[in-house]
Amino acid sequence: MQNKGAILTFAILLAAVSLYQLSFSWKSQQIKKDAEEYAQGNPDVEYRYLDSMAGEVVYNFFGLKKFTYKDVRELEMNLGLDLKGGMNVTLQVEVRDIIRAMSNYSTDETFNKALARADELQTNSQDDYVTLFGKAFDEVDPNAKLASIFNTLELRDRVTFNSSNADVLDVIRKETDAAIDNAFNIIRTRIDRFGVAQPNIQQLQTRGRILVELPGVKDQNRVRTLLQGTANLEFWETYENQEVYPYLMQANEKIREMNAVNGEKEVAEEATTETQTAEQDTTGENSLLAEMEAGSSADSSATGIDNMADFQKDYPLFAVLTPSTDQTGQLFRGPSIGYTQGKDTAKVNSYLNNPQIRNLFPRDMRFAWTAKSMDQAGMFYRLIALKVTTRDGRPPLDGEVITDARQDFDQMGSNPEVSMQMNSEGAKVWQRMTKENVGKSIAIVLDGYVRSFPTVNGEIPGGRSSITGLESIEEAKDLANVLKSGKMPAPARIIQEDVVGPSLGQEAINSGLISFIIAFALVLVYMLFFYSKNAGLAANIALVANMLFIFGILASLGAVLTLPGIAGIVLTIGMSVDANVLIYERVQEELRAGKGIKLAITDGYRNAYSAIIDGQVTTLLTGIVLYMFGSGPIKGFATTLIIGILTSLFSAIFITRLIFEWQLRKGGRILFASSATENWLRNTRIKFLEKRKIAYIISGALIVLSIGSLVVRGLNYGIDFKGGRTYVVRFDQDVKVADVQNALAVVFDGAPEVKTYGEADQVRITTDYKIDDDSENIDNEVEALLMKGLKDAGLIDQGVTLEQFTDVYQQSSQKVGPTISDDIRNESAIAITFSLIIIFLYILARFRNWQYGLGAIAALTHDSLIVLGLFSLLAGVLPFSLEIDQAFIAAILTVLGYSINDTVVVFDRIRETMGLHPKRRAEENMDEAMNSTLRRTFSTSLSTFVVLLAIFLFGGATIQGFTFALLVGIVVGTYSSIFIATPIAYDTRNRVKKVVESRKK
């Protein structure tokens, strides 16, 4: 083998990188275990323990680099919500409301009819809402002018009476895009301060949709309110730091006195804190007390403080809130009165909101934290003192007065700034505010957090002003979007939601781990049994290395491991055996031909490459299609499948070859088959093509039965495809499905679908009750009705609160709105169609014969129809879900990939056999090719089937339907590659040959 040194070096480096990446997960689990032991079952204590460790160095990598717990947590392998619990939410920004706001809520009949029509079109279209609105407007009245509706005071600079409809739509699109970006930024800021470890917030490909993943979150109602609330923009006058500092000194003294009498814990408990997202922030690291002790913030010897305990005792407020002073103790100018770590903001709030402390400050003084940290590491936040100047306590200006805001540059063209325009009412108030606050700051507050506090340089008449002193263009763009958020309401509504409780997540981890270990062990034992301790051991070493590579690459890419992802890895185990089987079978053929062991290994590897590459590439293409069109767990499955195929190729081809090369140098004997299996399915002479008519009859009957069931019974579509809500509820005792169904029929205006889910004390409830209602609190209302129905029937205790119900009884929930269900259905159809097309084109390119491509597509169609027919026929009969959902589509595409892999291996051998025996009849060559690959087909299919069976039996109820489809697909796919694909190619080839010969005559 050439380049052995380079290959060995690459393998060692890849293994080292994989171990390095996985070491962060190992270290993180160590710290979490320590936290659990320290907390003794108290989740709050565990949370505080981990929070306090954020800035501690916990991992020193051979003295080369030190990592804090925060670093380790960011680099560990991410587990999906189905494995550790949490919420997965897809939000849709309501572009309809933005357009209505831009028109100043026009009552024009054509305009409102167009909006209603656009809503209808959106349910069955992939186009963005602005495009659909434009089509709908032309449809309602082709002669109507959008300019007459959108020539408002706010848009007069960009929309005139002469503007065409296309020009107006461009303006609307730009404004809505900015509103969507702003909505994304607002949601991201809210989540960042919510206190969730490793949140994932990203804009999806469909414009206006935002994905939010919150692992470990329990308060679902709070999350829904937080995500769907409209942005609240306010302008406040501020106090100067010098004015506030004396009050802080008084507050510190009062807190010290109260601590001396009552103890610090009681003072905090007396506080009437407001609910703020900052209270649970986890971005903080070590306290500034360490810096104070070292003398970087104050000289402890000068104040007579001997240690930090004394400082905390005498200065309890300043121990957590560092005043805004320089090194000499001089107070800084501006409204920032101090700063603290993110984790200490809750404690500062508890002090300042205590009634006895609050009374020390002026009644018109309020406090708000900055939304953005003051340091790049995101550790410290400023506290701003706001001044209330109105009788009702409301801000003098809110976001509704903003008519326009955009990022710009100063007169020199070098420094970024924000240009802002207000309406006439706002301009008057703004002129007064700026006149009275020259030299002071005005705070721009969004959702209760200060986004900016620019200094007023002079009175600003006319409502047009510029905000300068910004650090970057990005900051200017963000601030401009913040200001524009007040002008256009852009609420985000939940259109898809998945909630998995922590107990169900832990069960998923356990079941996934068990299925993985069992499947892995079965494959290792099978390879040793079938291919001897020599070749079998080499394959097993490659398999272990393959697992290391897969997990290492997943960790390094920051990919999320889900339960379907584990299924993808386990499936990869079964399919990775295929490459080793192909190689070993070819080596045995070379040995039987009389070649020496060294030459047989060389030729065996070389002759197997074509079949290996063709088979794996077709499966790889299927994985790529899944990744492109899938989402969430399906994308996780595709990710592991793609990575697994690539690492399997490297492990099977190169690592096993290196092992054999090493054994040859040592002079050891290498066996490629055990005595028990050496002659198994060897030298068979089955005439497959003679029996093709029998196979056609069997397959035809199965297809007719499948189509008949599809017509008569149809398919049991999951909420992915029809929309709706599902809840998995676990009771304290076994329940009857009928009792649950009758209990909920009253509250849901009709009986929902109820099925036992796993054990008899757990059910899965599916309903479409009010699924079209997109009001803000509808999800909480439906959950409350669910609980009420179960309470009224006596299935759960009357004293259970909604929070207890969602935390203890409700194990998981899922919601799919009608709009997104249509998109999922369309994307699934595109994925299957696209897969068939690229598979056909690949086979056409590789074999340069369309008959092979037709045979392959016929076999894949055959497999799909039979799997669909079985799901239709057995739905409601088998004790697990056979719904048609995204997971089923992933299963179908995987079956197609596996089936085509098997078919391509047979086709590859047919091509080789015909090349060796060009004068022999095609029927003989095809039969010989299928017989020669029979051992490989048996080994690969059996090992893959056993692997999937382990997942099916031990992987839990969550993916039983998914693995059942794969099990059926493996059996049907193996059958079709022999009895459908090749016979169809043979018959088509003969038919074409006869047509050509008849034309010649």
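Cut-off values and rules
- Residues numbered from 1 in each chain as written.
- Predicted model: local features only at pLDDT ≥ 70, side-chain atom pairs only at ≥ 80, totals over all residues.
- Heavy atoms only, no water.
- Helix = DSSP H or I, 4+ residues; strand = E, 2+ residues; numbered from the N terminus.
- Rg over C-alpha atoms; globule rule 2.2 N^0.38 Å.
- Buried < 20%, exposed > 50% of the residue type's maximum accessible area, 1.4 Å probe, protein only.
- Contact = heavy atoms within 4.5 Å.
- Areas by Shrake-Rupley, 256 points an atom, 1.4 Å probe, with all protein chains shown as cover.
- Lys, Arg positive; Asp, Glu negative; His and termini not counted.
- Charge placed at Lys NZ, Arg CZ, Asp CG, Glu CD.
- Patch = residues over 30% accessible without salt bridge, like charges linked within 9 Å, V, L, I, M, F, W, Y side chains within 5 Å.
- Salt bridge = Lys/Arg side-chain N within 4 Å of Asp/Glu carboxyl O.
- Pairing = 2+ DSSP bridges.
- Axes fitted to C-alpha atoms, helices over the stretch in contact; angles between N-to-C directions.
- Phe/Tyr/Trp six-rings, centres within 6.5 Å; stacked < 30°, edge-to-face > 60°.
- Lys NZ or Arg CZ within 6 Å of the ring centre and 35° of its normal.
- Polar contact = N/O pair within 3.5 Å; in protein donor to acceptor, adjacent residues only side chain to side chain.
- Core = buried A, V, L, I, M, F, W, Y, C linked by side-chain atoms within 4.5 Å.
- Parallel < 35°, antiparallel > 145°, perpendicular 65-115°, else oblique.
- Left-handed = near helix turned anticlockwise from the far one by under 90°.
- Nonpolar A, V, L, I, M, F, W, Y, C, P; charged D, E, K, R; others polar.
- pLDDT = per-residue confidence, 0-100.

A few points about the overall build of the protein
A tally of helices and strands in the protein yields 33 helices and 23 strands. Relative to its length of 1001 residues, the protein is compact, with a C-alpha radius of gyration of 34 Å against a globular reference of 30 Å. When the 1001 residues of the protein are sorted by exposure, 54% land in the buried category. Residue pairs at least 24 apart in sequence account for 75% of intrachain contacts in the protein once pairs closer than 6 positions are excluded. Element-wise, carbon and sulfur atoms account for 54% of the exposed surface of the protein, whose accessible area totals about 44,000 Å². Positive and negative side-chain charges of the protein, numbering 99 and 118 respectively, have mean locations separated by a distance of 11 Å.

Overview of a nonpolar patch on the surface
There is a patch of nonpolar side chains on the surface, built from I837, L841, L844, W850 and L854 and spanning about 430 Å² of accessible area. Within the secondary structure, I837 is located in helix 28 (residues 818–847).

Brief notes about helix 15 (residues 345–352)
In terms of residue burial, helix 15 counts as a mostly covered element, since six of its eight residues are buried. For helix 15, the set of buried residues is T345, V348, N349, S350, Y351 and L352.

With respect to the sheet that holds strand 17 (residues 464–467)
A sheet is described by the order of its strands in space; here three strands give the open sequence 13-14-17, paired in antiparallel fashion. At either margin of the open sheet sits one strand with a lone partner, and together these are strand 13 (402–409) and strand 17. Strand after strand, the sheet turns through a mean of 20° between neighbouring axes, direction not considered. Sheet analysis places strand 13 next to strand 14 (residues 416–422), joined by seven bridges and oriented antiparallel. Bridged to I402 within strand 14 is M422.

Points about the packing of aromatic side chains
The geometry of two aromatic rings is summed up by the distance between their centres and the angle between their planes. Counted under the stated rule, the structure contains 33 aromatic pairs. Taken together, a centroid distance of 5.8 Å and an interplanar angle of 70° make the contact between F235 and W430 edge-to-face. Within this pair, whereas F235 is found in strand 7 (residues 233–238), its partner W430 is found in helix 17 (residues 424–436), the two being separated by 195 residues in sequence. Like W430, F235 is buried. An aromatic cluster of three or more residues is present, and its members are Y526, F530, Y531, Y584, F660, F672, W680 and F938. The cationic tip of R657 hangs over the ring face of Y605; the distance from NZ or CZ to the ring centre is 4.9 Å.

Quick word on the side chain of S872
Mapped onto the fold, S872 is located in helix 29 (residues 850–874). According to the relative accessible area criterion, S872 is buried, its value standing at 2%. Separated by 2.7 Å, the side chains of S872 and S709 make a polar contact. Ignoring sequence-local partners within four residues, the contact set of S872 consists of S709, L710, R713, G714 and L715.

Examining the pattern of salt bridges
Applying the stated criterion across every chain, the model contains 34 salt bridges. With a shortest N-O distance of 3.6 Å, R586 and E589 are connected by a salt bridge. One end of the pair, R586, and the other, E589, are both in helix 20 (residues 563–592), three residues apart, so they sit about a helical turn from each other. Given a relative accessible area of 6%, R586 falls into the buried group. The class for E589 is partly exposed, based on a relative accessible area of 21%. Residue D792 pairs with K788 through a salt bridge whose shortest N-O separation is 2.9 Å.

Topic: the sheet that holds strand 18 (residues 492–500)
The pairing of strands in a sheet comes from backbone hydrogen bonds and takes either a parallel or an antiparallel form. Strand order across the open sheet formed by eight strands is 5-6-4-18-23-20-22-21, with antiparallel pairing between neighbours. Each edge of the open sheet is held by one strand with a lone partner, namely strand 5 (200–203) and strand 21 (753–757). Taking the axes of each pair of neighbouring strands and ignoring which way they run, one obtains an average angle of 20° across the sheet. Sheet analysis places strand 4 (residues 86–93) next to strand 18, joined by eight bridges and oriented antiparallel. Bridge pairing links G86 to V500 in strand 18. Strand contacts of helix 25 (residues 737–747): strand 21 and strand 22 (759–767), with the helix running at about 145° to strand 21, the strand carrying the most contacts.

Description of the environment of L75
When you line up the elements, L75 lands in helix 3 (residues 69–75). In this structure, the C-alpha to C-alpha distance between L75 and S25, residues 50 residues apart in sequence, is 7.5 Å.

Observations regarding the nonpolar core
Y584 and F660 are the most contacted members of the largest nonpolar core, which has 132 residues in total. The dominant element in this core, judged by the number of residues it contributes, is helix 19 (residues 502–557), at 20 residues. Excluding residues within four positions of it along the chain, Y584 makes contact with M527, Y531, A535, G536, A538, A539, T656, F660 and F672. Formed by 46 residues, the second largest nonpolar core is a distinct cluster that contains I99, V159, I180 and V217.

Some words on unusual backbone geometry
Positive phi values are uncommon outside glycine, yet N104 reaches one of about 60°. Mapped onto the elements, N104 comes out in the loop between helix 5 (95–102) and helix 6 (109–122). With relative accessibility at 44%, the residue N104 sits in the partly exposed group. Phi at S532 is positive, roughly 70°, even though this residue is not glycine. In this structure, S532 sits in helix 19. Look at S532 and you get buried, because its relative accessible area is 7%.

So, the packing of helix 21 (residues 597–629) against helix 30 (residues 886–916)
The packing of two helices is summarised by the inter-axis angle and the distance between the axes. Between helix 21 and helix 30, whose axes approach to 8 Å, the crossing angle comes to 160°. Between helix 21 and helix 30, the angle is such that the two are roughly antiparallel. Of the two elements, helix 21 crosses helix 30, and the hand of that crossing is right-handed. Contact residues: S610, A611, D614, G615, Q616, T618, T619, T622 and L626 in helix 21; A890, L893, T894, G897, I900, N901, V904, V905, D908 and R911 in helix 30. When its residues are assigned to classes, the contact of helix 21 with helix 30 shows seven nonpolar, nine polar and three charged.

A few points about the pairing of strand 4
In terms of residue burial, strand 4 counts as a mostly covered element, since eight of its eight residues are buried. As paired strands, strand 4 and strand 6 (residues 209–215) are joined by seven bridges and run antiparallel to one another. Along strand 6, the bridge assignment pairs T90 with L211.

Examining the packing of helix 5 against helix 6
Their axes nearest at 11 Å, the elements helix 5 and helix 6 cross at an angle of 170°. With respect to helix 6, the axis of helix 5 lies roughly antiparallel. For the pair helix 5 and helix 6, contact is made by R96, I99 and R100 and by F111, L115, A116 and D119, respectively. The residue makeup of the contact of helix 5 with helix 6, split by class, is four nonpolar, no polar and three charged.

Some points on the side chain of T434
By secondary structure assignment, the location of T434 is in helix 17. Judged by relative accessible area, T434 falls into the buried class, the value being 0%. Filtering out sequence-adjacent residues up to four positions away, T434 remains in contact with I442, V456, G458, E459 and I460.

A few points about the confidence of the model for the protein
The predicted model of the protein has a mean per-residue pLDDT of 81, with 90% of residues at 70 or higher. In the predicted structure, residues 266–305 sits below a pLDDT of 50 and forms 100 contacts with residues beyond four places in sequence or in another chain.

Some points on the pairing of strand 23 (residues 810–816)
With seven of seven residues buried, strand 23 lies mostly within the body of the structure. Of the pairings in the sheet, the one linking strand 18 to strand 23 comprises five bridges and is antiparallel in character. Across the sheet, V500 pairs through a bridge with S812, a residue of strand 23. As paired strands, strand 20 (residues 724–730) and strand 23 are joined by six bridges and run antiparallel to one another. Residue Y727 lies in a different strand from strand 23, and its bridge partner there is S813.

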